[in-house]
Amino acid sequence: MSKLKLGVEVVSAHELIPKDKQGSSSPFVELHFDGQKFRTSIKEKDLNPVWNELFYFNIADPSSLPELTLEAYVYSMNKGMYPRSFLGKVQIAGTSFVPFSDTLVMHYPLEKRGMFSRVKGELGLKVFLTDDPSIKPSNPLPAIDRRPNNLLPSQFHQGLDQVSEANKSLPMKEPKRSFRSIPNEIQQQHYSAPLIKPVTHVADPMKYESQPSKVVRMFSSSFSQQPMDYALKETSPLLGGGQIVAGRVIPAQKPASTYDLVEQMQYLFVRAVKARDLPTMDITGSLDPYVEVRVGNYKGKTRHFEKNQNPTWNEVFAFPRERVQSSVIEVIVKDKDLIKDDFVGIVHFDLNDVPTRVPPDSPLAPEWYRLEDKNGDKTKGELMVAIWIGTQADESFADAWHLDAAAALDASAISSHTRSKVYHAPRLWYVRVNVIEAQDIFTASGHSTRIPDVHVKVQLGNQILKTRPVQARTFNPLWNEDLMFATAEPFEDQLLIFVQDRVGANKDEVIGHVAIPLGSIEKRLDDHMINARWFSLEKPGVIDVDQLKKNKFSGKIHLRVCLEGGYHVLDESTHYSSDLRPTAKQLWKPSIGLLELGILNAEGLHPMKTREEKGTCDSYCVAKYGRKWVRTRTIIDNLSPKFNEQYTWEVYDPATVLTVGVFDNWQLEKGANGNKDSKIGKVRIRLSTLEAGRVYTHSYPLLVLHSSGVKKMGELHLAVRFSSTSFINMMSIYSRPLLPKMHYVQPLNMMQQDMLRHQAVQIIAARLSRMEPPLGKEVVECMSDVDSHMWSMRRSKANFFRLVSVFSGLFAAGKWFGSVCVWKKPVITVLVHILFTTLVCFPELILPTVFLYMFMTGLWNYRSRPRYPPHMNIKLSHAEAVHPDELDEEFDTFPTSRSSEIVRMRYDRLRSVAGRIQTVVGDLATQGERLQALLSWRDPRATAIFLVFSVMAAIVLYTTPLQVSVALVGFYTMRHPRFRNRMPSAPLNFFRRLPAKTDSLI
């Protein structure tokens, strides 16, 4: 039986609805989980009860935990014929259960049981998982002392019996609002390792859609107006799931593996496990053995052991089956030597006798083979080897030494920089420091004649923020400022608080300081107020801990510090966010689908380096979605590499973006320490543009903007499928806020968001660079678009023309209406008059007509709907004809590294552009000030004219039906050109003569 238990602490409830005649209630809580039921005590006549009672539920099967739901019902005990009244309920999905170390008290709003239920208030619960064997499950029977004080024992037990009978009439499980969790390796992140033993699940993508998968045949868009070489291309590869026929995947005769979005590639796997009783090859009796595997002209070597006759390697080599041209496999044991390695023994294998292994078959058992000498005679020593033929679905594929990697120039970098890996970025938190005030602030110099100019400096890692300086006339300065920082789990840094005195220009004197460990800071999930604390300041210069305890304090500081779990820490551009969930796991909603990505191959990559007098490339791909980063293996010396690797992610919001980048590996060169991997290209795919259950197979152009212009660096072949769990759940996502609640309750300003995003990217880059193999800082910054906020004349033009395109429909409608008004086409003008008269006579048809028009327009556009994911457009980006100096400015460093003449020229150009923008803004302000001047008597004659007109218009509108007035205005506007005058109208002339505040500008 499992030792895992679910702990539920019923803390309190707030603002419950009264149920008795005295305007109160006697509430208690009933907990239901996995067929188990517990009750709290009854709080008599209390609408804000506090229980603080703890219960433990047994969990029989931890693997089914994501499918279970904790239900908490709040009832009020009554004296009448109905023993209890419903006050509300709370349902918590099993996917939101967290270990005890991460648990916090959460106040859940009470939900209705039915449409006509009256519910109000919140229920405070603390839910966590524990595997402590000393904890016993709670007694499911209610205690006797939980009865109300005003009930006799017989009445109380009679009421409980009635409650039990009422429970029997209720269904055991009510319909759940949570979604079924997708059982893959990501789900195991919700629970700590000691609590649940990892269970291996094979995610079956076909269970998310009952209909067969489709491979969408999509062509390059005709309206993109960019060269066909830069457009998206349709592909029809033979995927692992079967043959593509008429746009559908026809399943193969043999069972399909989980790698159904990539082309199956056969590999020859050779596992060198260990050796025993190896002979010595020199007079010293020492042996430094290693294994060399040869297949034709290709070979791979294991690491060597010094002075070991029974070494254990347990290393796997993978050779692409299509490139194996020899029928003999040689596994040679050699002795490492400074001059020439000595031959120890060899084992031969016939490739035709090698077995084929298809997962989920168990791994092939290795065997002991007797070594042979160069003449083919048996010699001393045995070697344990396993050889089989498999695919990239084999579990040994990720950790194997591949044929391309074995040919690298620097063999010491092979194992750490060429293998495919999955990275999980750390969970990020915001730290809010509210600096309130300080007391007894005296300068270290002791001068009492000068008033201290005090400010507070807060440091977290390499992040430093300061409050405004305050003159401490009473030596008790007050700031009340909020400072925000970004940090990540595990909390390794301390929060350092310095109270400083500005004694001169750029010279601060530390009055006192305090260090606060991040692990001791309280966490909050909503906007409830955190209790502030007074911290004693330590004198500067005291380092020894014993001296700190003996030393007197130099004042106190009042702080309110907390870890914000209700925000989503922005670590990427808001336009390309891949995850919108809050930091705290308790606030996570169940996943709504599964994203599968098959990285097939790249073609025509641009050479990034020169090796042996020819251009080459050592490419690998990085994909990012949410906290999960993946990296494919590095293909050496190949401008058309084949990866054929498949990865999956859980999806929590369709309004997110998958980013895939291609990079050139520079860590394999000799002396490559400090080298940065080069960017080849990047692809973005927005999930909301994909149809559920369909397979999108396309070749994406890798477009990169260089200082010389836009350049195509090759093409990346991807297969993408987005599968949803429920159509209704998917549609309900569109009514929810995009960001967590705290972003709207206590929003961050733009400056804070930019600063915190930069710090979050640096934290992730530092953490991923410490993993093996490391993911470089330049890769993380490229994938996170860290420089997207920098100024660019090209981007400014692109955004301006995007804005023009948005309003183009409005401009076109105004132009068309102008042609109607001048009777350019009399037939259309007459029809517009008839439609206008109909709408004026029947105004109730206006809104239905508008919505019907939009509905019909949408149906008409369905025929020409996009059938491909969006991709980078050089026309939209204004990258095809950009001026070279504008590109040089865009790639300039910050601060600038160009000469003063170039900077002066660019500054003058920016001034001219800003001058035009300034003129437009001023014109808009002028029009608004003229509207205000109508009633301000700034121009007394104009205001008097407008007042007389207002009185006359009021009299006319009071005596004339509104429909007649609207019809007259409409017919006057669309009058025939014969009745028009070329001069501006009188109302326009009157408006242009109104005064504005331009006269008051200097």
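Residues numbered from 1 in each chain as written. Predicted model: local features only at pLDDT ≥ 70, side-chain atom pairs only at ≥ 80, totals over all residues. Heavy atoms only, no water.

By the naming in an unreviewed UniProt entry, the protein is C2 domain-containing protein, taken from Zingiber officinale. Its UniProt record gives the protein the following Subcellular location (unreviewed entry) comment, quoted word for word: "Membrane". In its Function (unreviewed entry) section, the UniProt record describing the protein reads: "May function as a signaling molecule by regulating the trafficking of other regulators." (UniProt positions renumbered as here; feature names shortened; annotations may be inferred.)

## Quick notes on the overall build of the protein
Each helix and strand counted, the protein has 17 helices and 42 strands in total. Counting only contacts in the protein whose residues sit at least 6 apart along the sequence, the fraction spanning at least 24 positions is 70%. For the protein, the exposed area adds up to about 53,700 Å²; of that, 57% sits on carbon and sulfur atoms. (Helix = DSSP H or I, 4+ residues; strand = E, 2+ residues; numbered from the N terminus. Contact = heavy atoms within 4.5 Å. Areas by Shrake-Rupley, 256 points an atom, 1.4 Å probe, with all protein chains shown as cover.)

## Some details on the pairing of strand S41 (residues 694-706)
Burial of S41 is extensive: 12 of the 13 residues sit out of reach of the surface. Bridge analysis of strand S10 (residues 233-234) against S41 gives 2 bridges, and the strand direction is antiparallel. Bridge assignment links Lys233 to a residue of S41, and that residue is Ser699. Looking at chain direction, S41 and strand S42 (residues 709-724) are connected through 11 bridges and run antiparallel. (Buried < 20%, exposed > 50% of the residue type's maximum accessible area, 1.4 Å probe, protein only. Pairing = 2+ DSSP bridges.)

## Section: the packing of helix H11 (residues 826-841) against helix H16 (residues 962-973)
In the contact formed by H11 and H16, the axes pass within 9 Å of each other and the chain directions differ by 165°. With respect to H16, the axis of H11 lies roughly antiparallel. The two elements H11 and H16 meet at a crossing, and its hand is right-handed. Between H11 and H16, the residues in contact are His833, Phe836, Thr837, Val840 and Cys841 and Gln963, Val966, Ala967, Gly970 and Phe971, respectively. Of the residues assigned to the contact of H11 with H16, the class counts are 6 nonpolar, 4 polar and no charged. (Axes fitted to C-alpha atoms, helices over the stretch in contact; angles between N-to-C directions. Parallel < 35°, antiparallel > 145°, perpendicular 65-115°, else oblique. Left-handed = near helix turned anticlockwise from the far one by under 90°. Nonpolar A, V, L, I, M, F, W, Y, C, P; charged D, E, K, R; others polar.)

## So, a nonpolar patch on the surface
Where nonpolar side chains cluster on the molecular surface, the patch consists of Phe800, Phe801, Leu803, Val804, Val806, Phe807, Leu810 and Phe811 and spans about 810 Å² of accessible area. When residues of the nonpolar patch are traced back to their parent elements, those giving at least two are helix H9 (793-806) and helix H10 (808-821). The leading source of residues in the nonpolar patch is H9, at 5 residues. Assignment of secondary structure puts Leu803 in helix H9. Accessibility expressed as a relative area gives 47% for Leu803, which makes it partly exposed. (Patch = residues over 30% accessible without salt bridge, like charges linked within 9 Å, V, L, I, M, F, W, Y side chains within 5 Å. Salt bridge = Lys/Arg side-chain N within 4 Å of Asp/Glu carboxyl O.)

## A word on unusual backbone geometry
Going from Glu489 to Pro490, the amide bond is cis rather than trans, its omega being -10°. Topologically, Pro490 is positioned in the loop between strand S27 (478-488) and strand S28 (494-504). In the Ramachandran plot, Asp440 falls in the positive-phi region, its phi being about 55° despite a non-glycine side chain. Take Asp440: it is sitting in the loop between strand S23 (428-439) and strand S24 (453-460). Not every positive phi belongs to a glycine, and Asp637 is a case in point at roughly 50°. Residue position: Asp637 is located in the loop between strand S37 (628-631) and strand S38 (642-651).

## Re the nonpolar core
Counting 37 residues, the largest nonpolar core has Leu597, Trp649, Leu716 and Leu718 as its most contacted members. Elements with a minimum of two residues in this core: strand S33 (593-603), strand S36 (619-625), S38, strand S39 (657-664), strand S40 (678-686), S41, S42 and helix H5 (727-733). Ranked by size, the runner-up nonpolar core spans 34 residues in total, among them Val8, Ile17, Leu68 and Val90. (Core = buried A, V, L, I, M, F, W, Y, C linked by side-chain atoms within 4.5 Å.)

## Notes on the sheet that holds strand S5 (residues 69-77)
Here we have 4 strands laid out as an open sheet, ordered S3-S2-S5-S6, and antiparallel in their pairing. What marks the edges here is a single partner per strand, and that holds for strand S3 (36-39) and strand S6 (84-93). Here the strands of the sheet are splayed against their neighbours by 20° on average, with no regard to which way each runs. The pairing of S5 with S6 spans 9 bridges and is antiparallel. Bridging from a neighbouring strand, Ala72 pairs with Val90 of S6.

## Structural notes on the environment of Leu31
Residue placement: Leu31 occurs in strand S2 (residues 27-33). Sequence separation between Leu31 and Tyr73 is 42 residues; the distance between their C-alpha atoms is 6.4 Å. For Leu31, the contacting residues outside a window of four places in its chain are Val8, Val10, Gln36, Lys37, Phe38, Phe55, Phe57, Glu71 and Ala72.

## Observations regarding the sheet that holds S36
By definition, the strands of a sheet pair up through backbone hydrogen bonds, in either a parallel or an antiparallel sense. Judged by pairing direction, the sheet is antiparallel, and its 5 strands sit side by side in the order S22-S37-S36-S39-S40 without closing on themselves. Whereas interior strands pair on both sides, the edge strands pair on one side only; in this sheet they are strand S22 (421-424) and S40. Within the sheet, the average angular offset between the axes of one strand and its neighbour, ignoring direction, is 15°. Bridging between S36 and S39 involves 6 bridges; their strand directions are antiparallel.

## Topic: the side chain of Ser12
Note on placement: Ser12 falls in strand S1 (residues 5-14). A distance of 3.4 Å separates the side chain of Ser12 from the side chain of His14, its partner in a polar contact. Excluding its chain neighbours within four sequence positions, the residues that come into contact with Ser12 are Pro49, Val50, Trp51, His107, Glu122, Leu123 and Gly124. (Polar contact = N/O pair within 3.5 Å; in protein donor to acceptor, adjacent residues only side chain to side chain.)

## Structural notes on the UniProt feature "transmembrane region" (unreviewed entry) in the protein
Per the UniProt annotation, the sites labelled "transmembrane region" (unreviewed entry) are residues 800-818, 830-856 and 944-973. End C-alpha atoms of residues 830-856 are separated by 23 Å, and the span's content is 85% helix alongside 0% strand.

## Some remarks on the pairing of S39
Judged by how many residues are buried, S39 sits mostly within the fold: 8 of 8 residues are covered. Both S39 and S40 contribute to a ladder of 8 bridges, which runs antiparallel. Residue Val662 lies in a different strand from S40, and its bridge partner there is Gly681.

## A look at the confidence of the model for the protein
Scored by pLDDT, the protein comes out at a mean of 82, with 85% of its residues at no less than 70. For the stretch residues 406-413, pLDDT sits under 50, and the model shows 14 contacts to residues farther than four places along the chain or on other chains. (pLDDT = per-residue confidence, 0-100.)

## Observations concerning the pattern of salt bridges
If you walk through the whole model with that rule in mind, you get 46 salt bridges. Between Glu564 and Arg524 there is a salt bridge, with the nearest N and O atoms lying 2.7 Å from each other. Linking Glu564 in strand S32 (residues 556-564) with Arg524 in strand S30 (residues 523-524), this pair joins segments that are 40 residues apart in sequence. Judged by relative accessible area, Glu564 falls into the buried class, the value being 0%. The class of Arg524 is buried, set by a relative accessible area of 5%. By sharing partners, the salt bridges in this structure join Asp885, Asp888, Glu889, Asp892, Arg898, Arg906 and Arg909 into a single network.

## A look at the packing of aromatic side chains
With the rule as written, the count across this model stands at 22 aromatic pairs. Summarising the aromatic geometry, the rings of Tyr75 and Phe86 are spaced 6.1 Å apart at their centres and angled 70° between planes, so their arrangement reads as edge-to-face. With Tyr75 in strand S5 and Phe86 in strand S6, this pair connects stretches of sequence that are 11 residues apart. Phe86 shares its class with Tyr75; the two are buried. (Phe/Tyr/Trp six-rings, centres within 6.5 Å; stacked < 30°, edge-to-face > 60°.)

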